Amino acid sequence: MKNISLVKVGGVCAILVAVSLIAMSVSGAWIESFEDAEQSLLAKADNPMPYVTQRWFYFLSFVLAMPAALGFYQILREAGALLWIAVVAVVAGGFIAMVDSLIILGVWYQLAPDYAEASAATRPALLVMDRTLMQIAGLGHLVEWALAAGIGVGLFAVAILQTAVLPKWIGWLGLAVVALVGGWLHLLTPVSDALGVIHDIKFSSFTLWMLVMGVALLRLREPVKTATGV
C-alpha cells in the first residue's frame, strides 16, 4: 500500500471528525434556541460561551474532514481519477463551513455585545446586519453539506463498492445514510418545517459514517492490494 501513513492519518482525522461533531451536540444540548433575533443576540451577549464552544467544534470537524478525505482517496484511488471530485467536494465544503462558522462567530463575539450596549435608535440597524449575516451563513450551511455529504461521501461510497479494499457494507451505508439522506435531502429543509428532522439525521448519519471509515482505515494492515476486485 502506498503512503500507508497518509491512510492512517486520514483514519485518525475521520474519527476526530466524529468526536468533534459528538462534542458539538453535547455542548449544544443545554443551549436555548430563540425565534426572536433580539432575544437571541441578548442571550449570546450575556453568555456566549456555550454558543461559541459548539460552533468551534463544528469548525474543527470540517477542518479535520479535509485530511480525512485525502486518506479516503489514498486507499480508494484505484477506483479512478474521478475520485478527485470527491476530495474537491469535501475540501470545498470544508472551506465554506469554516467561512460561515467565522461569520457566525463574528456575530456572536462582536455584534451581540454591540447590540446589547446599543441605544434603541441603533438596534434596528444591527438587527438587519445580524439577519443578513445569518442568512449568508445559512446558505453556506446548505451548500457545504450538499458538497461534503451529498457529493463527497457519495462518491467515496461508490468507490468502496467498486473495490474490495474496504467492506462493501460501508459503501452501502454511505449511500443510504449519508450521501442520500444527510446530503441532498438536507437542501429541502428550508422548504418545509416537517423536514427539519433531516437536520438531525444529517449530523448523526455523517458522524456515524466518518467514525466507521476512521476505524476501518486504522484497522488496515500492510500489504493490502488496492486493485479493483482483489
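What you are looking at is a predicted structure, and each value in this text was computed from that prediction instead of being measured.

Visitor: Kindly report on empty space enclosed by the protein, identifying the contributing residues and their values.
Guide: Enumeration according to the criterion identifies one cavity of 30 Å³ or more in this entry. The volume enclosed by the largest cavity comes to roughly 60 Å³. Surrounding the largest cavity, Ala65, Ala68, Ala69, Phe72, Val90, Ala148, Val153, Phe156, Phe206, Trp209 and Met210 form its lining. The set of elements that each furnish at least two residues to the lining of the largest cavity consists of helix H3 (49–76), helix H5 (123–162) and helix H7 (197–219). Among the elements that line the lining of the largest cavity, the one with the most residues is H3, at four residues. Of the residues that constitute the lining of the largest cavity, the class distribution is 11 nonpolar, no polar and no charged.

Visitor: So what's going on with the environment of Val153? Which residues, and what values?
Guide: Positionally, Val153 belongs in helix H5. When the C-alpha atoms of Val153 and Trp209 are compared, they prove to be 8.8 Å apart, with 56 residues separating the residues in sequence.

Visitor: Go over the side chain of Ser61 with me, naming the residues and quoting the values.
Guide: Considering the arrangement of structural elements, one finds Ser61 in helix H3. Judged by relative accessible area, which is 2%, Ser61 ranks as buried. Not counting residues up to four positions away in its chain, the partners in contact with Ser61 are Val17, Ser20 and Leu21.

Visitor: How would you sum up H5? Please name residues and give values.
Guide: The end-to-end C-alpha distance of H5, which contains 40 residues, comes to 57 Å, matching closely the 58 Å that a straight helix rising 1.5 Å per residue would cover. Residue Val153 marks the point of greatest curvature in H5, where the axis turns by about 25 degrees.

Visitor: Describe the pattern of salt bridges, naming the residues involved and giving the relevant values.
Guide: The final tally for this structure, using the stated rule, is two salt bridges. One salt bridge connects Arg123 with Glu38, and the closest N-O pair in it is separated by 3.5 Å. Highlighted residues: Arg123 in helix H5 and Glu38 in helix H2 (residues 37–46), separated in sequence by 85 residues. Looking at Glu38, the relative accessible area reads 31%, which means it is partly exposed. Across the salt bridge formed by Asp100 and Arg55, the nearest N and O atoms sit 3.6 Å from each other. A residue pair is termed long-range when its members are at least 10 positions apart, and Asp100 in helix H4 (residues 84–117) and Arg55 in helix H3 qualify at 45 residues. Accessibility expressed as a relative area gives 4% for Asp100, which makes it buried. Take Arg55: its relative accessible area is 15%, and that puts it in the buried class.

Visitor: Report on the nonpolar core, specifying residues and quantitative values.
Guide: Ranked by internal contacts, the top residues of the largest apolar core, which has 41 residues, are Phe72, Phe156, Leu166 and Trp209. If you list the elements that add at least two residues to this core, you get helix H1 (4–27), H3, H4, H5, helix H6 (168–184) and H7. The element contributing the most residues to this core is H3, with 10 residues. Contact partners of Phe72, with chain neighbours within four places excluded, come to Gly10, Ala14, Phe156, Trp209, Met210, Met213 and Leu217. Membership of the second largest hydrophobic core comes to 15 residues, among which are Trp108, Ala112, Ala118 and Leu127.

Visitor: Outline the environment of Val63, listing residues and values.
Guide: Within the fold, Val63 resides in helix H3. Residue Val63 is classed as partly exposed on the basis of its relative accessible area, which comes to 30%. Separated by 35 residues in the primary sequence, Val63 and Met98 have C-alpha atoms spaced 7.5 Å apart.

Visitor: I'd love a proper account of a nonpolar patch on the surface, names of residues and values included.
Guide: A grouping of Val12, Leu16, Val19 and Leu218 is seen on the molecular surface, where their side chains present a nonpolar patch of about 280 Å² in accessible area. Counting residues per element, the nonpolar patch draws most heavily on H1, at three residues.

Visitor: Which residues make up the packing of aromatic side chains, and what are the values?
Guide: Following the criterion strictly, the structure yields 10 aromatic pairs and no others. With centroids separated by 5.4 Å and ring planes inclined at 85 degrees, the aromatic side chains of Phe72 and Phe156 adopt a geometry described as edge-to-face. Separated by 84 residues along the polypeptide, Phe72 in helix H3 and Phe156 in helix H5 bring together distant segments of the chain. For the residue pair Phe72 and Phe156, the accessibility class agrees, reading buried in each case. Pairing Trp145 with Phe203 gives two aromatic rings, centres 5.3 Å apart and planes at 70 degrees, and the pair type is edge-to-face. Of this pair, Trp145 sits in helix H5 while Phe203 sits in helix H7, and the two are 58 residues apart along the sequence. Pair check on accessibility: Trp145 and Phe203 agree, each one buried. Three or more aromatic residues link up through ring pairs in this structure, and these residues are Tyr58, Phe62, Trp145, Phe203 and Phe206. Against the face of Tyr51 rests Lys44, its NZ or CZ located 4.4 Å from the ring centre. For Arg123, the ring lying beneath its charged end belongs to Tyr115, and the centroid distance is 4.6 Å.

Rules used in this analysis
- Starting afresh in each chain, residues are numbered from 1 along the sequence in its written order.
- Side-chain atom pairs in this predicted model are given and counted only at pLDDT of 80 or more, local residue features only at pLDDT of at least 70, and totals for whole chains, interfaces and linings cover all residues.
- Hydrogens and waters are ignored; side-chain quantities use all the structure's heavy atoms.
- With a 1 Å grid laid over protein atoms only, a set of points is called a cavity when a 1.4 Å probe fits there but cannot get out and a pocket when it is open yet has protein on both sides within 12 Å along at least five of seven lines; lining residues have an atom within 4 Å of a point.
- Grid points are joined across faces, edges and corners, and a volume is the space filled by probe spheres set on the points.
- Numbering of helices and strands runs from the N terminus; a helix is a DSSP stretch of H or I covering at least four residues, while a strand is a stretch of E covering at least two.
- In this classification, the charged set is Asp, Glu, Lys and Arg, the nonpolar set is Ala, Val, Leu, Ile, Met, Phe, Trp, Tyr, Cys and Pro, and all remaining amino acids, among them Gly, are polar.
- Burial status follows relative accessibility: with a 1.4 Å probe on protein chains alone, a residue under 20% of its type maximum counts as buried, one over 50% as exposed, and anything between as partly exposed.
- Any two residues whose heavy atoms approach within 4.5 Å are treated as being in contact.
- Every helix has an expected span of 1.5 Å times one less than the residues it contains.
- In this analysis the local bend is the angle between axes fitted, respectively, to the seven residues ending at and the seven residues starting at the residue.
- By definition here, a salt bridge exists when the distance from a side-chain nitrogen of Lys or Arg to a carboxyl oxygen of Asp or Glu is within 4 Å.
- In these notes, a set of buried Ala, Val, Leu, Ile, Met, Phe, Trp, Tyr and Cys residues joined through side-chain atoms within 4.5 Å is what counts as a nonpolar core.
- Here, patches come from residues exposed beyond 30% relative accessible area and free of salt bridges, joined within 9 Å for like charges and within 5 Å for nonpolar side chains (Val, Leu, Ile, Met, Phe, Trp, Tyr).
- Accessible areas in this description were obtained via Shrake-Rupley with a 1.4 Å probe; residue shielding takes into account the shown protein chains only.
- In this analysis, rings of Phe, Tyr and Trp, with Trp reduced to its six-membered ring, are considered paired at centre separations within 6.5 Å, and the interplanar angle assigns stacked below 30 degrees, edge-to-face beyond 60, and tilted for intermediate values.
- Charges are assigned to positions over rings by a cutoff of 6 Å between ring centre and Lys NZ or Arg CZ, combined with an angular limit of 35 degrees from the ring normal.

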